[in-house]
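This is what each chain is made of:
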Amino acid sequence: MYKLWATIVKDIRVLTRDKVGLTLMFGMPILLVLVITSIQNSTFELVNNKKMPLLLCNKDTGPSSLQFVQTIEKMGMFEVTPLSSNSNESQLKASMHESEILVSLIIPSDFTDKIKAKASTIAVQALEDSTASSQKPDNSTPLLLFYHPVLDDAFRRSIQGALQSTLQIVEGRETIQTLYASALSKPMPADLEAAILSPSLSIKEIPASRDGSGKIPNATQHNVPAWTLFAMFFIVISLGGSVVKEKQSGSFIRLKTLPTSYHIALVSKQVAYLIVTMLQVFVIFSLGIWVFPLLNLPALVLPSDLAGLAIVSLVCGWAAVSYAICVGVAAGTQEQANGFGAVSIIILSAIGGILVPSFAMPVSFEQVMKLSPLHWGLESYYILFLEQGKTWDLLPKLLPLLLFIGLMQGITWYSLKRKNLI
Amino acid sequence: MAFTVSAVHIENLNFHYTKDSGVHFQDFSLSVAEYDRFGLFGPNGAGKSTLMNLMTGILHAQNGSVKLFGTDIQRDHRKSNYRIFGFVPQEFSFYQELSPLENLEFFGAWYGLSAKQTKTVSEELLGVLGLTHVQHKPVGLFSGGMKRRVNLAIGVMHKPRLLFLDEPTVGVDVQTRHAIIDYLRQLNKEGMTLVYTSHQLNEAEDLCENVALIDQGRIIAKDRLDVLCKEYEQEGLEGLFLQLTGKAYRDM
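A quick note: this is a predicted structure, and the numbers were derived from the prediction, not measured.

As a further point, take the environment of A:Gly406. Residues and elements named next belong to chain A. In this structure, Gly406 sits in helix 15 (residues 391-418). A relative accessible area of 43% means that Gly406 is categorised as partly exposed. Measuring from C-alpha to C-alpha, the distance between Gly406 and Val276 comes to 21 Å, with 130 residues separating the pair along the chain.

Given below as structure tokens:
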């Protein structure tokens, strides 16, 4: 046990004196998690939290357009900024570019007239002459929806759908009121109008998290675990290089002539670097919890199952260390270990859903992403952070990681044996 | 008649690096007596370092045996056998980021010494080799001579019966060389067998009692140095070396 202890102490001493390695292991992921979270947070808030800014130019002075605007505001999806009714299309576009607003709308001057005309035609058709020709929609002066080209297609369709629904509400209300007034020669009571227009069935939203809680995932909840995982695996630069350096240096020659198995050195490296990965988890998670709010970023909320979090972090850290040692043993030079290590981690991160979320990947990538240990690590963290899962929910995701660890350890042992190093 | 066991006994050793590479040693045999200060010399590429690596178990021979005090290091790979000897490689075989004391702490544990034993031996060795004042500084900042002394200290810290030294004084100044040679003599007096290789032939004359000259994986001469000089009518090791191995370049 003393041999192992002395070796761990040696490895930690060597590690702490490698300033470049420490910067790569701690400084780089801290910077990455800060930058990426800040960038993604603005997009995330746009979609989830903030109202979509909408520039609105109402050229109509009638009550229907007023109702239309009020209904849009009540919907809660848009933050309406009115523009002067005299604004033309080019002024509106210029305002959009100046204020970086992504959507704007022009209500034509005959909006109320057209709605009223349609309502009257329907009333005549329904009450007096069913053969009267129904008014065709007039597309000569439609509502004009301007959008910034960067706006996501699906998001644009949802905006258009929302505006279409609002338009139908205004039209429906006008039609019902006209019908009622035509039939009974008196205005419709407000409570009846409300009863007709309000839906009989409500929609109940149920979050599909494992514990049924409605916590909303944000950029922090995704990025902090994701980039912590990246940082863990990026120790391949330091650890892989350290294994090659030791292998190439005279110290390895001496170690081979000492009455102690090299397995002790391998176990020690795993323990020392596992401590490093746990420190990375601690530092980056602490950053998310305490520093992010100071930077106006959402704070990291730890999952309720802290034991599960510890298990996932340990298994991910061990997988990262096993991979780094395997690369170090297989590589012939430090340049090989650093080059292959860095590129392979970036590729494994990309296919594992760290750089691009897995749901945004093509279907053909579904099987490929399973090859990345980072995918399984990230999925495990997602269960805890986004789905509020428990330890037993993690098993299907941790099993592939444990198999990966076994494979890496096996390849390491075989490579050392083949090279007559143990 | 007293029975004496050889410190090193090599018998019918066959070794080549790969099947395609040339044969390095074929039916090679050599004996080094206990308490000897034995020098192993030869031109570049003669096989000195390969032989050192075979004697220390770093390389594995295809056939034959290398017995260290009766234990065949080539066949019996139990790590406990490695306590018998110490090795001072030509390369700086320690961690440059660590101080001499930290290096000794680590290697002491790997030799199987306790923390207390390591502390005692480290203090003693750092004192003898004049490194006490820099014991806490990273070895990477040291001069070549100081690094050589650290290299030596690590090789002898477990007080082995047999010490292999592969060019232990290469690149050091005269003072350091004398200090190292004096210390090796002292270790030999205390009962340690030395197997030494170097290109510093005047230094070797000073240290070695018995020598062997090897070339192309064969022993071309082996005896007491004075006997060999007399036999080949040479005044010193350098003349003997040139007479037996020639003057042509070897590492072309």
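To continue, consider the interface of chain A and chain B. Counting residues at the interface gives 25 residues for chain A and 33 residues for chain B. In total, about 2,700 Å² of surface goes out of reach between chain A and chain B, with carbon and sulfur atoms giving 62% of it. When residues of chain A are sorted by the area they lose upon contact with chain B, A:Arg254, A:Thr257 and A:Pro259 head the list and together hold 27% of the total. Where chain A touches chain B, the interface holds four salt bridges. Across the pair A:Arg17 and B:Glu102 runs a salt bridge whose closest N-O atoms are separated by 2.6 Å. Taken together, chain A and chain B are joined by twelve residue pairs in polar contact (both at pLDDT 80 or more). Among the elements of the structure, helix 1 (2-16), helix 9 (236-248), helix 10 (250-256) and helix 11 (262-291) of chain A are those that each provide at least two residues to the side of chain A that touches chain B.

Bringing the sheet that holds strand 1 (residues 52-58) of chain A into the picture now. Paired through backbone hydrogen bonds, the strands of a sheet run either parallel or antiparallel to each other. All names here are of chain A. With mixed pairing, the four strands of this open sheet are ordered in space as 2-1-3-4. Unpaired on one side and paired on the other, strand 2 (78-83) and strand 4 (144-147) mark the two borders of the sheet. Averaged over all pairs of adjacent strands, the angle between their axes in this sheet comes to 25°, without regard to strand direction. Pairing of strand 3 (residues 103-107) with strand 4 involves four bridges; the strand directions are antiparallel. From the neighbouring strand, Ser104 faces strand 4, where its bridge partner is Phe146.

Attention now goes to the pattern of salt bridges. Following the criterion strictly, the structure yields 20 salt bridges over all chains and no others. Across the pair B:Glu102 and A:Arg13 runs a salt bridge whose closest N-O atoms are separated by 3.5 Å. You can see B:Glu102 sitting in helix 2 (residues 100-111) and its partner A:Arg13 sitting in helix 1, one on each of two chains. Note on A:Arg13: relative accessible area 23%, which makes it partly exposed. Across the pair B:Arg224 and B:Asp226 runs a salt bridge, and its minimum N-O distance is 3.4 Å. The class of B:Arg224 is partly exposed, set by a relative accessible area of 39%.

Parameters and conventions
Residues numbered from 1 in each chain as written. Chains lettered and ligands numbered in written order. Predicted model: local features only at pLDDT ≥ 70, side-chain atom pairs only at ≥ 80, totals over all residues. Heavy atoms only, no water. Helix = DSSP H or I, 4+ residues; strand = E, 2+ residues; numbered from the N terminus. Buried < 20%, exposed > 50% of the residue type's maximum accessible area, 1.4 Å probe, protein only. Contact = heavy atoms within 4.5 Å. Buried area = accessible area lost by both parts, 1.4 Å probe. Salt bridge = Lys/Arg side-chain N within 4 Å of Asp/Glu carboxyl O. Polar contact = N/O pair within 3.5 Å; in protein donor to acceptor, adjacent residues only side chain to side chain. Pairing = 2+ DSSP bridges. Axes fitted to C-alpha atoms, helices over the stretch in contact; angles between N-to-C directions.

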